[in-house]
Amino acid sequence: MPELKDFIGTWKTTDFPGYVGNGQNTITLYVSKMGIATLWKLEGNQSTIFSEGDLEINDNKDGSFDLTINGHAIDKAYRSISGNLFFPNPPPSFVSEIPEHGKRYFEKLQ
């Protein structure tokens with residue numbers, strides 16, 4: 001199961017068969033070395049921060065996990081997002097259901 005150290009860096013949604021593509025918007029998750037996470041979307045020239053705060057990873061014991069962002073959010077739905085299919089191999093990736101934006105495939109920028 002992924003740990004906090006596995007998420008440090010920048011993750012962006014990318015087009016992947018079976019998941020919502022970036023034609024709608026790009027969603028980014030950034031996690032600092034201090035464990036502070038920011039989740040936002042970029043749509044055209046407009047960015048919207050969904051949530052920002054301390055990141056906590058909760059293992060659901062079934063291959064899935066929840067990313068909980070303890071801090072500020074535009075809606076409580078963005079404080080905890082579910083994830084699964086975490087792959088540590090290059091490029092690291094995972095799938096997450098983003099409220100009102102569907103299932104997204106995230107890859108870590110190298």
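Right above here is the structure, for reference.
These numbers were taken from a predicted model, which means no experiment stands behind them.

Trainee: Report on the overall build of the chain, specifying residues and quantitative values.
Mentor: In terms of regular secondary structure, the chain is built from one helix and eight strands. The helix and strand sequence of the chain, counted from the amino end, reads α-β-β-β-β-β-β-β-β. A compact globule built from 110 residues should have a C-alpha radius of gyration of about 13 Å, and the chain, at 13 Å, falls within 12% of that. Along the three orthogonal principal directions, the C-alpha set of the chain runs to about 35 × 30 × 25 Å. Counting contacts in the chain only where the partners sit at least 6 residues apart, residues at least 24 apart contribute 33% of the total. For the chain, the exposed surface amounts to about 6200 Å²; the carbon and sulfur share of it is 50%. Charge centroids of the chain, computed over 10 positive and 14 negative side chains, lie 3 Å from each other.

Trainee: A description of the nonpolar core should follow, citing residues and the corresponding values.
Mentor: Grouped together as the largest cluster of nonpolar side chains are 18 residues, with contacts concentrated most on Phe7, Leu29, Leu67 and Phe94. Of all the elements in the fold, those that place two or more residues in this core are β2 (26-31), β3 (36-43), β4 (46-59), β5 (64-73), β6 (80-87) and β7 (93-98). Apart from the residues within four sequence positions on either side, Phe94 is in contact with Phe7, Trp11, Leu29, Phe65, Leu67, Asn84, Leu85, Phe86, Arg104, Tyr105 and Phe106.

Trainee: Tell me about the packing of aromatic side chains, and name the residues and values.
Mentor: The final tally for this structure, using the stated rule, is 13 aromatic pairs. Taking the centre distance of 5.5 Å and the plane angle of 40° together, the rings of Phe7 and Phe86 count as tilted. Separated by 79 residues along the polypeptide, Phe7 in helix α1 (residues 4-7) and Phe86 in strand β6 bring together distant segments of the chain. Residue classification places Phe86 among the buried residues on the basis of a relative accessible area of 17%. With a centroid separation of 4.2 Å and an interplanar angle of 20°, the aromatic rings of Phe16 and Tyr105 are classed as stacked. You can see Phe16 sitting in the loop between β1 (9-13) and β2 and its partner Tyr105 sitting in strand β8 (residues 102-108), a full 89 residues away along the chain.

Trainee: Before we move on, could you go through the sheet that holds β7 and cite the residues and values that matter?
Mentor: Pairing within the closed barrel is antiparallel, and its eight strands lie in the order β1-β2-β3-β4-β5-β6-β7-β8. Taking the axes of each pair of neighbouring strands and ignoring which way they run, one obtains an average angle of 30° across the sheet. Examined bridge by bridge, β4 and β5 share nine bridges and lie antiparallel to one another. Among the inter-strand pairings, Asp59 is bridged to a residue of β5, identified as Phe65.

Each value, and the rule that gives it
Residues numbered from 1 in each chain as written. Predicted model: local features only at pLDDT ≥ 70, side-chain atom pairs only at ≥ 80, totals over all residues. Heavy atoms only, no water. Helix = DSSP H or I, 4+ residues; strand = E, 2+ residues; numbered from the N terminus. Rg over C-alpha atoms; globule rule 2.2 N^0.38 Å. Contact = heavy atoms within 4.5 Å. Areas by Shrake-Rupley, 256 points an atom, 1.4 Å probe, with all protein chains shown as cover. Lys, Arg positive; Asp, Glu negative; His and termini not counted. Charge placed at Lys NZ, Arg CZ, Asp CG, Glu CD. Core = buried A, V, L, I, M, F, W, Y, C linked by side-chain atoms within 4.5 Å. Buried < 20%, exposed > 50% of the residue type's maximum accessible area, 1.4 Å probe, protein only. Phe/Tyr/Trp six-rings, centres within 6.5 Å; stacked < 30°, edge-to-face > 60°. Pairing = 2+ DSSP bridges. Axes fitted to C-alpha atoms, helices over the stretch in contact; angles between N-to-C directions.

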